[in-house]
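Structural overview for review
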Amino acid sequence: MSAAMTTDVTAGLARLLDERYSCRAFLPGEVPEVTLRHVLALAQRTASWCNTQPWGVHLLSGEATTALADRLTAHVPTRPPVADLPLPAGYSGVYDARRKESGFALYASLGIERGDREARGAQAMLNYRFFGAPHVAIVTTDREQGTYGAIDCGGYVATLLLAAQAAGVAAVPQAAIAMASDAVREHLALPEDRLVVCAVALGLADPDHPANAFRTTRADVDEVVTFVR
Ligand SMILES: Cc1cc2nc3c(=O)[nH]c(=O)nc-3n(C[C@H](O)[C@H](O)[C@H](O)COP(=O)(O)O)c2cc1C
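Throughout what follows, the structure given in this document is the object of discussion. The numbers attached to residues start from 1 for each chain and follow its sequence in the written order. Side-chain atom pairs in this predicted model are given and counted only at pLDDT of 80 or more, local residue features only at pLDDT of at least 70, and totals for whole chains, interfaces and linings cover all residues. Heavy atoms throughout the structure, all of them, feed into the side-chain values; hydrogens and water do not.

Strands are runs of DSSP state E lasting at least 2 residues, helices are runs of H or I lasting at least 4, and numbering of each runs from the N terminus. Broken down by element type, the chain carries 8 helices and 5 strands. In the chain, the succession of α and β elements from N to C terminus is α-β-α-β-α-α-α-β-α-β-α-β-α. Computed over C-alpha atoms, the radius of gyration of the chain comes to 18 Å, within 12% of the 17 Å expected from 2.2 N^0.38 for 229 residues, which places it in the range of a compact globule. On the principal axes, the C-alpha backbone points of the chain span a range of 55 × 40 × 40 Å. For the radius of gyration, the atom set is restricted to C-alpha positions; the globular benchmark scales as 2.2 Å times the number of residues to the power 0.38.

So this is what it looks like as C-alpha cells:
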C-alpha cells in the first residue's frame, strides 16, 4: 500500500471515529434492509478469540421493536434488575469523574438540572423505547465462551457502530437493556446458553434534538498508555 493510500485510509477512519457519537433521539423512518444487511456484513469482520465469533444478533424492526419497547417499559419499573453478565462493582476515582462528566453533558444539553431525579429517571427510561429508533440489535454471547466471548462481543459492537456510521446510520449501544435480561430472554425465547450483552439501537438521527447536540471527551493517550522499551 502506498503512503498516500495509507493517509487516505487513516484520514477516513479518523473521520468516522470523530463523527460517530451515541445517538439518543431518532427519526421514525426506517433504514432500508439492504443498508442494514451491509452494516451487519461489515461487522462480521470483527476479530475474535480463535475466530469463534461468539456474538449472536436479533435485529428487530418496526412492530417487533415497538413490542419489545412496550414489554421493557412495563417490566423495568416494577422488577429488580437482572443482568446475565457481572456489572461493574463500582465507579471510583477517574471512572466516577468520567461517568459524571458524560452524564452531566447529556443533562445540560437537555436542560435537566443535576438534582432533578425525576427528569433524569424519565430520560433513563427512554432507553427502553430505544430513543425512538425503528431498529434494535440485541447482541448476545455464548455462555461457554466466558469473559473473552463477552470481549469479542464488545469488539463486534464497536465495529457495528463504525460500520453504521460509515453507512450514515446513527446508533447507540445500550447496556440498559441487559439490566432486564430476564424480560429480553423471555420475549425473544433465547436459549439458556445465550447471554444478553447489550442492545444497539439503529436508525436515522434527529439532527435537531438536544440529546444529540453534545459530544463526549476522551483521556489523552499518555493517561492510558504506558510506553515500555
Ligand atoms: C457497552 C456499552 C453500553 C452502553 N450503554 C448505554 C446505555 O444503556 N444507555 C445510553 O444512553 N448509552 C449507553 N452507552 C453509550 C455510552 O454512554 C457512550 O458510548 C459514551 O458516553 C461515549 O460517548 P459516545 O458514544 O457519544 O462517544 C453504552 C456504551 C457502551 C460501549
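Let us look at the site of the ligand. Taken together, 13 residues form the shell around the ligand, and within it Ser22, Arg24, Ala175, Ala176 and Arg218 come nearest. Counting of polar contacts relies on pairs of N or O atoms within 3.5 Å, with two restrictions inside protein: one atom must be capable of donating a hydrogen and the other of accepting it, and residues adjacent in sequence are counted only when both atoms are side-chain atoms. Side-chain polar atom of Arg24 to an oxygen atom of the ligand: 2.7 Å apart, as the coordinates give it. In the complex, 66% of the free accessible area of the ligand, which totals 620 Å², lies under the protein chains. The classification used treats Ala, Val, Leu, Ile, Met, Phe, Trp, Tyr, Cys and Pro as nonpolar, Asp, Glu, Lys and Arg as charged, and all other residues, Gly among them, as polar. Along the lines of polarity and charge, the residues of the shell around the ligand split into 6 nonpolar, 4 polar and 3 charged. The criterion for a residue being near a molecule or strand is simple. One of its heavy atoms has to lie within 4 Å of it. All accessible-area figures derive from a Shrake-Rupley calculation using a 1.4 Å probe, and residue coverage is judged against the displayed protein chains alone.

On to the pattern of salt bridges, then. Definition used for salt bridges: Asp or Glu carboxyl oxygen within 4 Å of a side-chain nitrogen of Lys or Arg. A complete count under the given rule lists 9 salt bridges for this structure. One salt bridge in this structure joins Arg129 and Asp70, with 2.6 Å as the shortest N-O distance. Note that Arg129 is positioned in the loop between helix H5 (117–125) and strand E3 (135–142) and Asp70 in helix H3 (residues 63–75), a separation of 59 residues in sequence. Each residue is assigned to one of three classes by its accessible area relative to the maximum for its type, calculated with a 1.4 Å probe on protein chains only: buried under 20%, partly exposed between the two thresholds, exposed over 50%. With relative accessibility at 35%, the residue Arg129 sits in the partly exposed group. Between Glu223 and Arg98 there is a salt bridge, and its shortest N-O distance comes to 3.3 Å. Taken as a pair, Glu223 in helix H8 (residues 221–224) and Arg98 in helix H4 (residues 94–110) lie far apart in primary sequence, 125 residues in all. Arg98 gets classed as partly exposed once you look at its relative accessible area, which sits at 35%.

Let's shift gears to the pairing of E3. E3 sits mainly inside the fold: 8 of its 8 residues count as buried. We call two strands paired when DSSP finds no fewer than two bridges between them. Sheet analysis places strand E2 (residues 56–61) next to E3, joined by 6 bridges and oriented antiparallel. Bridging from a neighbouring strand, Val57 pairs with Val139 of E3. Relative to strand E5 (residues 194–205), E3 is paired through 8 bridges, and the arrangement is antiparallel. What sits directly across from Thr141, in E5, is Leu195.

Before going further, it helps to spend a moment on H4. Expected helix span is taken as 1.5 Å per residue step, with the number of steps being one fewer than the number of residues. Its 17 residues give H4 an end-to-end C-alpha distance of 24 Å, which sits within 8% of 24 Å, the value for a rise of 1.5 Å per residue. Throughout, a contact is declared for two residues whenever any of their heavy atoms are within 4.5 Å. If you follow the buried residues of H4, they end up packed against H5.

This brings us to the state of the cysteines. Put simply, a disulfide is two cysteine sulfurs that come within 2.5 Å. All told, the structure shown has 0 disulfides when counted by the stated rule. Left unpaired, Cys23 is separated from the closest cysteine sulfur, that of Cys198, by 16 Å. A disulfide-free cysteine, Cys153 has its sulfur positioned 8.1 Å from the sulfur of Cys198, the nearest such atom.

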